[in-house]
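# Architecture and fold: a report
Given next are the chains, with one letter for each unit.
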Amino acid sequence: MDDMLNRSDYILNVDGVSKAFGGTQALKDVQLHVKKGEVHALLGENGAGKSTLMNIIIGLLQKDAGTIEFEGKPYHVKSPVEAMNLGITMIHQELNPEPNMTVAENLFLHRESMKGKSFFLDKKAQNKRAEELLSKFSTPYGPKTMMKDMTLAQVQMSEIIKAVSCDARLIIMDEPTSSLDSNETDHLFNTIRELKARGVSIIYISHRMEEIFEICDRVSVFRDGTYVGARDMDGVTREELIHLMVGRKVTSVFPKVDCPIGDEVFRVEGLCGNGFEDISFTVHAGEIVGLSGLVGSGRSETVRAIFGLDPIKKGKMFLNGKEINIKNPRSAIKKDICMVNEDRKAYGLCLFRSLRENISLPTLPDRQRKPLINQQREKEEVATVAEKLTVKAASMEHNAYSLSGGNQQKVVLAKWVMASPKFLILDEPTRGVDVGAKSEIHTLMSQFASQGMAILMISSELPEIMGMSDRILIYHEGRLNGEFSRQDILDAHVTQNDILAKEFGQ
C-alpha cells in the first residue's frame, strides 16, 4: 500500500479481497486504497472486477477472503442500507428506479420524512426537502414527477442527487455521466469538486478517459479480477493507462476507415414529432452520419420516430429513393431498417434468455417452417455472427445477463447484423463499455460501412462523434443547427468547442 505509514490519511483500505462465483474467480487478492477527500478513479475492462468489488463494499455481495477498513475500523455490511447508514453510498451504472414512485419518494427511499413519532409519511415536508435539492441542480422536473415519465438522463441525475443528499463520506460513482450531456456533466463535476472540498471521497468508475484526467486525483487499475497498480493522475499518460487495463497495445480507440460513399440510402424531409421539428437529412451507402446535441435536443426522439417507436406528426421518409411509411419497429425491420437503442438492458436484450435466442430473435421467421424452428441452422448462423463480432462467451446457451457490458452490446449488434440491414441506427453504441470493447465496436462500424451499410450514430461523447463520423449534424432544441464534415475536422477547421457552440444554439 502506498503511504503505508500514514494509514490515517485513508478513508478506505481494501486488502487481499477475493470473490468467486462457482468456478469463476471474479476477484483475486485485490487491493484498493482511497484517501480522504480525493477523487479516486477505478479503471479496467468490462469483467475486470470493478463492479464486483463495489458491490462487496456496499453489501450486495459478501467477500470470500480479505479485509476492508472504513475510517480506520473493520468494515462489514450485509446491505446497501447498512452501508448508507455508515456513510457509503453508490450510484449504479444500471439504473433500476421504481417507476411508480415520485422523484421525492425515490430520493428519500428508506429515509422517509415522518410526522412526529407516528407511522405516517409527511409528504409535504418530504416534497419541500426534495424541491430544495432539485433547485440546486436546476433540474427541469419537480418532486412530484413520476419516475416512469423521466428520460434516462433525468433518472441518472436523480440518482446522483440522491447519493449527494445522503451526506455520505464515501460516494461510489459507476459511469455517472453515461447518459448526461456536456452541460449536465459539467454540473456533476462542479458538485464533485464541492464534495471534495468538504472532505468527501469519491470512487469514480468511467470508461471516458477525458473525464478521468479532468476530475480524478489518483487511479487504480484492475485486469481480469486482479489488481494491476495505482498511479497519480499527474504522472501518468492515457497510453499507459490503456496498456495497464488491457494488457496489450490498442492502436486506436477510433479506428475509422474511410469508405467510398455511395448512393443515397435513407432520407427524411421536414420530419416533425415529439421533441423535434422540420428535420431533413440524408445518409448514403458506406457513410456514418453522427448526430450531436445536448440530452433532450431531439436526437433520440428523431431516431425513435424513424424506427416506429414514436409517432411522426409531419414529414416524409425515403428508402432507396422510394417514400416509406413506418408505423412500428416490425415494419421498420421488414424494410431493412434496424436500431440499437441507448438502453440495451431495457430495450435491446432479453436478459434471462440465451445468447442464441437473443441474436436470432429479429430474424426468427427466416428459420421457421410452420410452427417449428430449424435449430441446427439457427445455431450455425448465430455462431458465425458471434465469431465475426468477437462475442466472448463460453457458450451461446448462456444467458445474456451473465455477460459484461461490452459483450452485451456486441450481442445487440449481432442480432441486427443477422438481419442484414441497409440502414442501421446506433443510439449511444458504446455507452458503458470499456476502451478495448469500444475500439472493437468502432472497428465493426467501419466494417459495416465498407460493406455498403448506411449508419446513423448518436453519441454524447464528442471524441466519438468526431472520430467516427463522415458528417456531423448538430441538434439544438429540436432543430438542426449546423453540419460539419470529416474533412473539416481532419483539417482542424472544426474543434470540440465549435460543435459545443452549435449545441448551445450559437
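Let us look at the structure shown here. For clarity, every value in this text was computed on a predicted model and none was experimentally measured.

### Considerations on the overall build of the protein
- Each helix and strand counted, the protein has 18 helices and 22 strands in total.
- Its C-alpha atoms give the protein principal-axis dimensions of roughly 70 × 55 × 50 Å.
- For the protein, the residues scored as buried account for 53% of the 506 residues in total.
- Restricting to contacts in the protein with at least 6 residues of sequence separation, those with at least 24 account for 66%.
- Total accessible area computed for the protein in this model is approximately 22,600 Å², and 49% of it derives from carbon and sulfur atoms.
- A gap of 6 Å separates the mean positions of the 63 positive and 69 negative side-chain charges of the protein.

### Observations regarding helix H8 (residues 238–246)
- For H8, every residue scored as buried is listed here: Leu241, Ile242, Leu244, Met245 and Val246.
- On its buried face, H8 sits against strand E3 (39–43), helix H7 (209–215), strand E9 (218–223), strand E10 (226–232) and helix H15 (435–450).
- Where H8 terminates, the next one or two residues include Gly247, which has phi positive at roughly 70°.

### Details of the sheet that holds strand E5 (residues 73–74)
- Read across the open sheet, the four strands follow the order E2-E1-E4-E5; overall the sheet is antiparallel. If you trace the sheet from one side to the other, it starts and ends with strand E2 (24–35) and E5, each paired once.
- Across eight bridges, the pairing between strand E1 (residues 10–21) and E2 is antiparallel. If you follow Phe21 over to E2, its bridge partner there is Thr24.
- Docked against the sheet, helix H1 (residues 50–57) engages E1, E2 and strand E4 (65–70), running at close to 115° with respect to E1.

### Observations concerning the side chain of Asn407
- Mapped onto the secondary structure, Asn407 falls in helix H14 (residues 405–417).
- Here the side chain of Asn407 touches Lys392 through a polar contact of 2.7 Å, landing on its backbone nitrogen.
- Beyond its immediate stretch of four places on either side in the chain, Asn407 contacts Thr390, Val391 and Lys392.

### Some points on the packing of aromatic side chains
- This structure, assessed with the given rule, holds six aromatic pairs.
- The interplanar angle of 65° and the centroid separation of 5.8 Å between the aromatic rings of Phe70 and Tyr75 together place this pair among those described as edge-to-face. Grouping residues by exposure puts Phe70 and Tyr75 together as buried.
- Each ring, one from Phe307 and one from Trp416, has its centre 6.3 Å from the other, and the planes form 85°; the classification is edge-to-face.

### Considering the packing of H14 against H15
- Packing of H14 against H15 brings their axes to within 10 Å, and their N-to-C directions diverge by 15°. The pairing of H14 with H15 is recorded here as roughly parallel in orientation. The handedness of the crossing between H14 and H15 is left-handed. Only Ala437, Glu440, Ile441 and Phe448 of H15 make contact with H14, whose side of the interface consists of Gly406, Gln409, Lys410, Leu413 and Val417.
- Along the lines of polarity and charge, the residues of the contact of H14 with H15 split into five nonpolar, two polar and two charged.

### Considering the nonpolar core
- Core analysis: the biggest nonpolar cluster contains 75 residues, and Phe266, Phe281, Ile306, Ile337, Ile359 and Phe423 have the highest contact counts within it.
- For Ile337, the contacting residues outside a window of four places in its chain are Phe266, Phe307, Leu319, Ile324, Ile326, Ala332, Phe423 and Ile425.
- Counting residues in hydrophobic clusters, the runner-up holds 47 residues, among them Leu43, Met209, Val219 and Leu241.

### Notes on the pattern of salt bridges
- A full pass over the atoms with the stated rule returns 24 salt bridges.
- Between Glu461 and Arg208 there is a salt bridge whose closest N-O contact spans 3.4 Å. Of this pair, Glu461 sits in the loop between strand E20 (454–458) and helix H16 (462–468) while Arg208 is found in the loop between strand E8 (201–205) and H7, placing the two residues 253 residues apart along the sequence.
- Glu461 sits in the buried class, given a relative accessible area of 8%.
- Arg208 gets classed as buried once you look at its relative accessible area, which sits at 8%.
- Close ionic contact of Glu269 with Arg267 constitutes a salt bridge, the shortest N to O distance being 2.8 Å.
- Of the residues examined, Arg267 reaches a relative accessible area of 19% and is grouped as buried.
- By sharing partners, the salt bridges in this structure join Arg208, Glu211, Lys438 and Glu461 into a single network.

### Here's the deal with helix H6 (residues 182–197)
- For H6, spanning 16 residues, the distance from its first C-alpha to its last is 23 Å, which sits close to the expected 22 Å at 1.5 Å a residue.
- The set of residues buried in H6 consists of Thr185, Leu188, Phe189, Thr191, Ile192 and Leu195. End-on, the buried residues of H6 take up no more than an arc of 160°, which puts them together on one face. Across H6 from its buried face, at more than 90 degrees, point the exposed residues Glu194 and Ala197.
- Downstream of H6 by one or two residues, Gly199 has phi in the positive range, about 90°.

Conventions used here
Residues numbered from 1 in each chain as written. Predicted model: local features only at pLDDT ≥ 70, side-chain atom pairs only at ≥ 80, totals over all residues. Heavy atoms only, no water. Helix = DSSP H or I, 4+ residues; strand = E, 2+ residues; numbered from the N terminus. Buried < 20%, exposed > 50% of the residue type's maximum accessible area, 1.4 Å probe, protein only. Contact = heavy atoms within 4.5 Å. Areas by Shrake-Rupley, 256 points an atom, 1.4 Å probe, with all protein chains shown as cover. Lys, Arg positive; Asp, Glu negative; His and termini not counted. Charge placed at Lys NZ, Arg CZ, Asp CG, Glu CD. Pairing = 2+ DSSP bridges. Axes fitted to C-alpha atoms, helices over the stretch in contact; angles between N-to-C directions. Polar contact = N/O pair within 3.5 Å; in protein donor to acceptor, adjacent residues only side chain to side chain. Phe/Tyr/Trp six-rings, centres within 6.5 Å; stacked < 30°, edge-to-face > 60°. Parallel < 35°, antiparallel > 145°, perpendicular 65-115°, else oblique. Left-handed = near helix turned anticlockwise from the far one by under 90°. Nonpolar A, V, L, I, M, F, W, Y, C, P; charged D, E, K, R; others polar. Core = buried A, V, L, I, M, F, W, Y, C linked by side-chain atoms within 4.5 Å. Salt bridge = Lys/Arg side-chain N within 4 Å of Asp/Glu carboxyl O. Expected span 1.5 Å × (residues − 1). Arc of directions from axis to C-beta.

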